[in-house]
Amino acid sequence: MKNLVVLLGLLLMSGCKIDKDSKANKYLQSEAVALVAPTLVASNLVIDSVATLKASLPYPDVEIHYTSDGTAPDEASPEYTGPIKVTNPGVYTFRAYHPFLQSSEISTVTFYKSGIKVREVSMLNEINAKYPGNGVNTLIDNQKGSNSYSDGRWMGFDEDVVVELEMPSENKATKVIIGYMSATGAWIFSPAKITVWVSDDKQDYTQVGMVEIETEKKGDDTALKNVEIPINRTGKYFKIKIENLKEIPQWHDGKGTRAWHFIDEIIIDE
């Protein structure tokens with residue numbers, strides 16, 4: 001009888017240890033699992049008056065925290081509780097937290113102010129029939145493109161492009177912001193060079209800014225990018241030349257052929 005009691009005690013102790021180990025393993029497994037980054041949906045990324053920003057991650061007990069100054073959020077940052085009204089340009093960053101899971105990667109979205117209203121936009125090239133967007137006004141409609149280059153908000157080109165913008169009157173401009181896509185799997189590369197000229201009469205143009213853009217490297221992910229070109233000049237007419245990458249790099253399947261570049265928006269910032 002005594003031996004039976006000892007045996008039962010050992011079994012109970014063993015059962016408790018197995019249960020504790022099981023709970024510990026479950027905890028360790030949950031600690032190794034990270035949340036996915038929050039999904040962000042903005043009504044518009046170019047702010048004319050106000051834009052609405054929504055964040056979501058449909059999982060129980062998740063909290064989403066964010067910042068509006070581009071810094072990385074933590075659990076002390078403001079908690080997202082509903083749609084955010086965005087009235088000023090800036091970088092919003094979001095991260096999700098859970099009591100038993102690792103925090104997520106950061107989701108980021110950048111807002112831009114609409115800039116000087118353009119009276120008329122024209123293009124010295126013919127619009128490419130494959131990727132015409134919504135015509136030349138695609139470049140000034142205050143609509144940023146998505147990750148899909150065929151969403152109708154992008155204009156695609158396989159050659160250099162020259163765009164002319166006419167303002168209602170002479171305006172002081174501090175910089176030109178141009179949005180473009182990088183998606184090497186689709187043979188879409190960054191523009192190679194962008195040059196800006198300004199004129200008062202549409203006859204005599206003065207170069208006021210230029211930037212060369214680094215070509216993508218093997219393994220670079222699809223990305224939506226922007227380049228800012230400081231100009232700090234007053235003018236009524238702006239001419240912008242966006243030069244294409246002449247040859248796709250040697251590491252790419254399309255090596256030696258002409259690349260595509262995709263532009264979604266041109267902003268003349270005050």
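An unreviewed UniProt entry lists the chain under the name Chitobiase/beta-hexosaminidase C-terminal domain-containing protein, from Zhouia spongiae.

Once that is clear, we can look at the overall build of the chain. When helices and strands are counted, the chain shows one helix and 14 strands. Summed over its atoms, the accessible surface of the chain is roughly 15100 Å², and 50% of this surface lies on carbon and sulfur atoms.

Take the packing of aromatic side chains next. Aromatic rings in a pair are described by how distant their centres are and how their planes are angled relative to each other. Under the definition given, this model contains nine aromatic pairs. Taken together, a centroid distance of 5.3 Å and an interplanar angle of 20 degrees make the contact between Tyr 66 and Phe 94 stacked. Of this pair, Tyr 66 sits in strand 4 (residues 63-67) while Phe 94 sits in strand 6 (residues 90-97), and the two are 28 residues apart along the sequence. Given the relative accessible area of 0%, Phe 94 is considered buried. Taken together, a centroid distance of 6.2 Å and an interplanar angle of 45 degrees make the contact between Trp 260 and Phe 262 tilted. You'll find Trp 260 and Phe 262 in the same group, each marked buried. Seen from the ring of Tyr 112, Lys 144 lies directly overhead, with NZ or CZ sitting 5.3 Å from the centre. The lysine or arginine in question, Lys 239, covers the ring of Trp 197, its NZ or CZ lying 5.5 Å from the ring centre.

Let us now look at the environment of Gln 250. Of note, Gln 250 is situated in the loop between strand 13 (223-243) and strand 14 (261-269). Once residues lying within four places of it in the same chain are set aside, the contact partners of Gln 250 are Lys 255 and Gly 256.

Across the eight residues of strand 6, seven count as buried, placing the element largely inside the fold. The pairing of strand 4 with strand 6 spans five bridges and is antiparallel. The partner of Thr 67 across the bridge, within strand 6, is Thr 93. Pairing of strand 6 with strand 7 (residues 107-113), which is carried by five bridges, proceeds in the antiparallel orientation. Residue pairing in the sheet places Tyr 92 in a bridge with Val 109 of strand 7.

Our next topic: the pairing of strand 7. With two bridges connecting them, strand 2 (residues 46-47) and strand 7 associate as parallel partners. Across the sheet, the residue bridging to Ile 47 is Lys 113, located in strand 7.

Next up on the list: the pattern of salt bridges. Pairing is possible between side chains of opposite charge, provided their charged atoms come close. Scanning the model with the defined rule gives seven salt bridges in all. Close ionic contact of Asp 269 with Lys 113 constitutes a salt bridge, the shortest N to O distance being 3.4 Å. Remark: Lys 113 occurs in strand 7 and Asp 269 occurs in strand 14; sequence separation between them is 156 residues. For Asp 269, a relative accessible area of 7% corresponds to the buried category. Here the salt bridges do not stand alone but share partners, grouping Lys 113, Lys 175, Glu 228 and Asp 269 into one network.

This part takes up a negative patch on the surface. Judged by side-chain charge, Asp 61, Glu 63, Asp 74, Glu 75 and Glu 79 come together as a negatively charged surface patch. Relative to the helices and strands, Asp 74 resides in the loop between strand 4 and strand 5 (84-86).

Take the environment of Ile 140 next. Here Ile 140 is to be found in the loop between strand 8 (120-123) and strand 9 (155-157). As a C-alpha pair, Ile 140 and Glu 120 span 20 residues in sequence and 9.2 Å in three-dimensional space. Contacts of Ile 140, omitting those with residues within four sequence positions, involve Val 118, Val 121, Leu 165, Glu 265 and Ile 266.

Let's shift gears to the sheet that holds strand 3 (residues 51-56). Here we have three strands laid out as an open sheet, ordered 1-3-5, and antiparallel in their pairing. What marks the edges here is a single partner per strand, and that holds for strand 1 (39-42) and strand 5. Going from strand to strand, the sheet's axes swing by 25 degrees on average, the running direction of each strand aside. With four bridges joining them, strand 1 and strand 3 adopt antiparallel strand pairing.

This paragraph deals with the sheet that holds strand 4. Strand order in this open sheet of four strands is 2-7-6-4, and the pairing throughout is mixed. Only two strands of the sheet have a single partner each, and these edge strands are strand 2 and strand 4.

Thresholds applied
- Residues numbered from 1 in each chain as written.
- Predicted model: local features only at pLDDT ≥ 70, side-chain atom pairs only at ≥ 80, totals over all residues.
- Heavy atoms only, no water.
- Helix = DSSP H or I, 4+ residues; strand = E, 2+ residues; numbered from the N terminus.
- Areas by Shrake-Rupley, 256 points an atom, 1.4 Å probe, with all protein chains shown as cover.
- Phe/Tyr/Trp six-rings, centres within 6.5 Å; stacked < 30°, edge-to-face > 60°.
- Buried < 20%, exposed > 50% of the residue type's maximum accessible area, 1.4 Å probe, protein only.
- Lys NZ or Arg CZ within 6 Å of the ring centre and 35° of its normal.
- Contact = heavy atoms within 4.5 Å.
- Pairing = 2+ DSSP bridges.
- Salt bridge = Lys/Arg side-chain N within 4 Å of Asp/Glu carboxyl O.
- Patch = residues over 30% accessible without salt bridge, like charges linked within 9 Å, V, L, I, M, F, W, Y side chains within 5 Å.
- Lys, Arg positive; Asp, Glu negative; His and termini not counted.
- Charge placed at Lys NZ, Arg CZ, Asp CG, Glu CD.
- Axes fitted to C-alpha atoms, helices over the stretch in contact; angles between N-to-C directions.

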